[in-house]
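# Coordinates in review
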Amino acid sequence: MNTLLDRLETVAKRYEELNQILMDPSIANDVKKMTDASKEQGSLEKAYGMYKEYKSLLDGIEESKSLLGDSDPDIKEMAKMELEELQARKPELEREIQLELIPKDPNDGKNIIMEIRGAAGGDEGNIFAGDLYRMYSKYAESQGWKIEVEEAQPGEAGGYALISFMIKGDNVYSKLKYESGSHRVQRVPKTESQGRVQTSTATVLVMPEAEEVDVQIDPKDLRIDTYRSSGAGGQHINKTDSAVRITHIPTGIVATSQDGRSQHDNRDKAMQSLRTRVYEHFLEIEESKQGAERRSKIGSGDRAEKIRTYNYPQNRVTDHRIGLTIQQLDKIMEGKLDPIIEALINEDQKRKLEGEQ
C-alpha cells in the first residue's frame, strides 16, 4: 500500500472539492468563504501538481515494466531506458512530496512585529541592537518588504535601548521566525580605549501579526494613555499628545506607538501591536503545555536563549542551534541573511520529517 499516494489522493480530492466550491455562482456573494476557499486551494496547488506528476510516474513505471517482456528488442531497450530514468526520479520526487506534505505553520504567511533590545554590555549592547535593526532593514529591503517603526528608544551612545517595528510583505514570518533569542557580539567597542574585545548582547523577539479573529480583546480590559512623542518626527513633535500607550489590564501587556502621523494613526498601530503581543502571550502558554513540540523546534523562541554569535575580529557568524559557521560577517551585517535563513528552514523541515517518521 502506497501511503504517500494515499496522502496525495486526499489532497487532490480536497483540491477538486475547492474547485467546485469556487465555481459555484452562489459563493460570489460570500466574500469570506470565497477568500478562504481560494487561499486554501492556493496552499494545495503545489501538492496537487506533485500528485499528478507522481501518479504519472508510477503509471510510467508499470507500463515500462510490462514492455520489458516485449518480443521487439528496440521496444524492450526503450522500455529499459525509460524504467531506469523513472526509477531514478522516484526517490527524488518522493522526498519533495514528503517536504511539501509537512503540516504548514499557520502563521507562515503573516507579517511580523519585531522587537530588538540592547541587553548585556550597556552602551555597546544598545549599539549592537542598532546594528541588528539595520541588518534586518537591509534584508527586508532585499525581499521587497516594508518596515514601520512603532517605538524607538535611542541609546545615549547610539543604537537603541529598544526598537519595535512591523515588517509587512509576503511570508515574512516564514523567514524571520527563527530570529527570536539572544544575539551575542564579540568586538572591540568604540568606547574601549585599550583595544580589548568585549562580549555584549541584544535580544530579538519575533511575533506573527495577529488579526482580530486570532484573539478577542474586550475594550473594557484596556487602558489608553496619550503623551507627547519624543525624538525626530516632524514639526508636530512635542507640541501635541500624539503618542499612544495601550495597556491590556488582565495580562499587563503594554504597546505604544509614537511614529504615526496622528494620534488616530498611533492608536491603530498600538492596538495592532497589542493584539499581536497578547496573541503571542497566549501562544506561549499553549506551547509550554505541549512541551515536546516546543523543544523539537529550532530554538524555543525564548528571548534568553543564545542563538547566534557575531565575531568581528574573525569576520565570523555562528548559529549555535544548528552548528552553522559562516566566515562572512561583513556580508551578513549588510542584510545578506539568506545562507543562514535557508539553513534554518532546511534543518526545521528535516526535524519535522524525522518527527513524522
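An unreviewed UniProt entry annotates the protein as Peptide chain release factor 1 originating from Intestinibaculum porci. Entered under Function (unreviewed entry) in the UniProt record, the comment concerning the protein runs "Peptide chain release factor 1 directs the termination of translation in response to the peptide chain termination codons UAG and UAA." UniProt annotates the protein under Subcellular location (unreviewed entry) with the comment "Cytoplasm".

## Things to note about the nonpolar core
Within the largest apolar cluster, 35 residues are counted, with the highest numbers of intra-cluster contacts made by M114, I116, L132, Y136, L176 and Y310. Elements represented by at least two residues in this core include exactly β1 (112–118), α4 (123–143), β2 (146–154), β3 (160–168), α5 (172–176), β5 (198–208), α8 (329–332) and α9 (338–356). Take this core: its biggest share by element is 8 residues, from α4. Ignoring sequence-local partners within four residues, the contact set of L176 consists of I112, M114, Y136, Y139, W145, I167, V206 and I341. Core analysis: the second largest hydrophobic core is formed by 22 residues, M50, L58, I61 and L86 among them.

## Quick word on the pairing of strand β4 (residues 181–187)
Most of β4 sits out of view: 6 of its 7 residues are buried. In the sheet, β4 pairs with β5 via 7 bridges, with the strands oriented antiparallel. Following the sheet pairing, R187 is matched in β5 by Q198. Relative to strand β9 (residues 306–311), β4 runs parallel, the two being bridged by 5 bridges. Counterpart to R184 in the pairing with β9 is T309.

## What about the confidence of the model for the protein?
In this model, the protein carries an average pLDDT of 85, and 89% of its residues clear a pLDDT of 70 or more. Every residue in residues 232–238 is under pLDDT 50, and counting partners more than four places away or in other chains gives 9 contacts.

## Focus: a negative patch on the surface
A contiguous patch of negative charge on the surface is contributed by D59, E62, E63, E82 and E85. At the level of secondary structure, the elements contributing two or more residues to the negative patch comprise α2 (31–67) and α3 (73–100). Counting residues per element, the negative patch draws most heavily on α2, which supplies 3 residues. Within the secondary structure, E63 is located in helix α2.

## Considerations on the sheet that holds β2
Spatially, the 8 strands line up as an open sheet ordered β2-β3-β1-β5-β4-β9-β10-β11, and their pairing is mixed. Of all strands in the sheet, those with a lone pairing partner are β2 and β11 (324–326), marking the two edges. Sheet twist, expressed as the average angle between the axes of neighbouring strands with direction ignored, equals 15 degrees. Docked against the sheet, α4 engages β1, β2, β3, β4, β5 and β9, running at close to 45 degrees with respect to β5.

## A word on the packing of helix α1 (residues 3–23) against α2
Put simply, α1 and α2 touch, their axes get as near as 8 Å, and they point 135 degrees apart. Between α1 and α2, the angle falls in the class oblique. Here α1 runs over α2; the crossing is left-handed. For the contact of α1 with α2, the class distribution of residues is 17 nonpolar, 3 polar and 6 charged.

Cut-offs used in this document
Residues numbered from 1 in each chain as written. Predicted model: local features only at pLDDT ≥ 70, side-chain atom pairs only at ≥ 80, totals over all residues. Heavy atoms only, no water. UniProt positions renumbered as here; feature names shortened; annotations may be inferred. Core = buried A, V, L, I, M, F, W, Y, C linked by side-chain atoms within 4.5 Å. Buried < 20%, exposed > 50% of the residue type's maximum accessible area, 1.4 Å probe, protein only. Helix = DSSP H or I, 4+ residues; strand = E, 2+ residues; numbered from the N terminus. Contact = heavy atoms within 4.5 Å. Pairing = 2+ DSSP bridges. pLDDT = per-residue confidence, 0-100. Patch = residues over 30% accessible without salt bridge, like charges linked within 9 Å, V, L, I, M, F, W, Y side chains within 5 Å. Areas by Shrake-Rupley, 256 points an atom, 1.4 Å probe, with all protein chains shown as cover. Salt bridge = Lys/Arg side-chain N within 4 Å of Asp/Glu carboxyl O. Lys, Arg positive; Asp, Glu negative; His and termini not counted. Charge placed at Lys NZ, Arg CZ, Asp CG, Glu CD. Axes fitted to C-alpha atoms, helices over the stretch in contact; angles between N-to-C directions. Parallel < 35°, antiparallel > 145°, perpendicular 65-115°, else oblique. Left-handed = near helix turned anticlockwise from the far one by under 90°. Nonpolar A, V, L, I, M, F, W, Y, C, P; charged D, E, K, R; others polar.

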